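Coordinate inspection notes
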Amino acid sequence: MFISADCVTSLKIKVAGVSKINNVECMTSLSEEIVGYTTIATVKDVIISSYTSNSIKLAWQSLPNVDIYKVYAYNDNTGRFEYIDSTPINQIVFNHLIINKEYKFKIRAVTYIDDTEVMGPPSDIITGHTTT
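Residues numbered from 1 in each chain as written. Predicted model: local features only at pLDDT ≥ 70, side-chain atom pairs only at ≥ 80, totals over all residues. Heavy atoms only, no water.

It is worth spelling out the environment of Lys 106 at this point. Among the structural elements, Lys 106 can be located in strand E10 (residues 102–113). For the pair Lys 106 and Asp 76, spaced 30 residues apart in sequence, the C-alpha separation works out to 15 Å. Among residues more than four places away in sequence, those in contact with Lys 106 are Lys 70, Val 71, Tyr 72, Phe 81, Pro 122, Ser 123, Asp 124 and Ile 125. (Helix = DSSP H or I, 4+ residues; strand = E, 2+ residues; numbered from the N terminus. Contact = heavy atoms within 4.5 Å.)

A cluster of nonpolar side chains, Leu 11, Ile 13, Val 15 and Ile 34, forms an exposed patch at the surface whose accessible area comes to about 350 Å². Looking at the element boundaries, Val 15 is found in the loop between strand E1 (10–13) and strand E2 (18–21). (Patch = residues over 30% accessible without salt bridge, like charges linked within 9 Å, V, L, I, M, F, W, Y side chains within 5 Å. Areas by Shrake-Rupley, 256 points an atom, 1.4 Å probe, with all protein chains shown as cover. Salt bridge = Lys/Arg side-chain N within 4 Å of Asp/Glu carboxyl O.)

Turning our eyes to something else, we now look at the pairing of strand E8 (residues 80–87). In summary, the side chains of a regular strand alternate between the two faces of the sheet. The pairing of strand E7 (residues 68–75) with E8 spans seven bridges and is classified as antiparallel. What sits directly across from Asn 75, in E8, is Arg 80. Counted between consecutive antiparallel strands, the loop separating E7 from E8 contains four residues, among which Gly 79 sits at a positive phi close to 70°. (Pairing = 2+ DSSP bridges.)

To continue, consider the environment of Ser 29. Relative to the helices and strands, Ser 29 is located in the loop between strand E3 (24–27) and strand E4 (34–37). Relative accessible area serves as the criterion here: at 64%, Ser 29 is assigned to the exposed category. Taking C-alpha positions, Ser 29 is 43 Å from Pro 88, a pair spaced 59 residues apart along the chain. Apart from residues lying up to four places away in sequence, Ser 29 is in contact with Val 15 and Ala 16. (Buried < 20%, exposed > 50% of the residue type's maximum accessible area, 1.4 Å probe, protein only.)

Moving on, we come to the confidence of the model for the chain. Residues of the chain with pLDDT of at least 70 account for 91%, and the chain-wide mean is 88. The model gives residues 1–5 a pLDDT under 50, and that stretch makes one contact with residues more than four places away or in other chains. (pLDDT = per-residue confidence, 0-100.)

Let us now look at the pattern of salt bridges. All told, the structure shown has two salt bridges when counted by the stated rule. In this structure, Lys 70 and Glu 117 form a salt bridge, with 2.9 Å as the shortest nitrogen-oxygen distance. On the criterion of sequence distance, the pair formed by Lys 70 in strand E7 and Glu 117 in strand E11 (residues 116–119) is long-range, its members being 47 residues apart.

Here the focus is the sheet that holds strand E9 (residues 91–94). Strand order in the open sheet formed by three strands is E5-E6-E9, and the pairing between neighbours is antiparallel. On the outer flanks of this sheet lie strand E5 (47–51) and E9, each paired with one strand and no other. Going across the sheet, the axis of each strand differs from the next one's by a mean of 20°, ignoring polarity. The sheet contact formed by E5 and strand E6 (residues 56–59) spans four bridges and is antiparallel. Bridge pairing links Ser 50 to Lys 57 in E6. (Axes fitted to C-alpha atoms, helices over the stretch in contact; angles between N-to-C directions.)

Put into structure tokens, the structure is as follows:
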């Protein structure tokens, strides 16, 4: 069976142990269901498409079969990237930013399969700077 690389798929399995005792097959009960997912592509080529003294607009190439893109920003206080917003399209604008400040972002593509959120790996860090 051929599965397109552009489509996220899942595989659901259950496992049981089988052994033979006196030529009779004995099987354990089935395990809990295990679900595995194919990988979602990484968001690439993120650019700062525009910026002002208090806003930054990010844009990137659209990926097929993505429900939303989650955007993370670096938090200077925690030293970590933290979720800040999501968008169903391949661009987002952040307003009300601090004047003359550097901002760092990462973006992850997300799709939903059977009410389960499946995320791709984070993009490279994109750095933007508001003007004075």
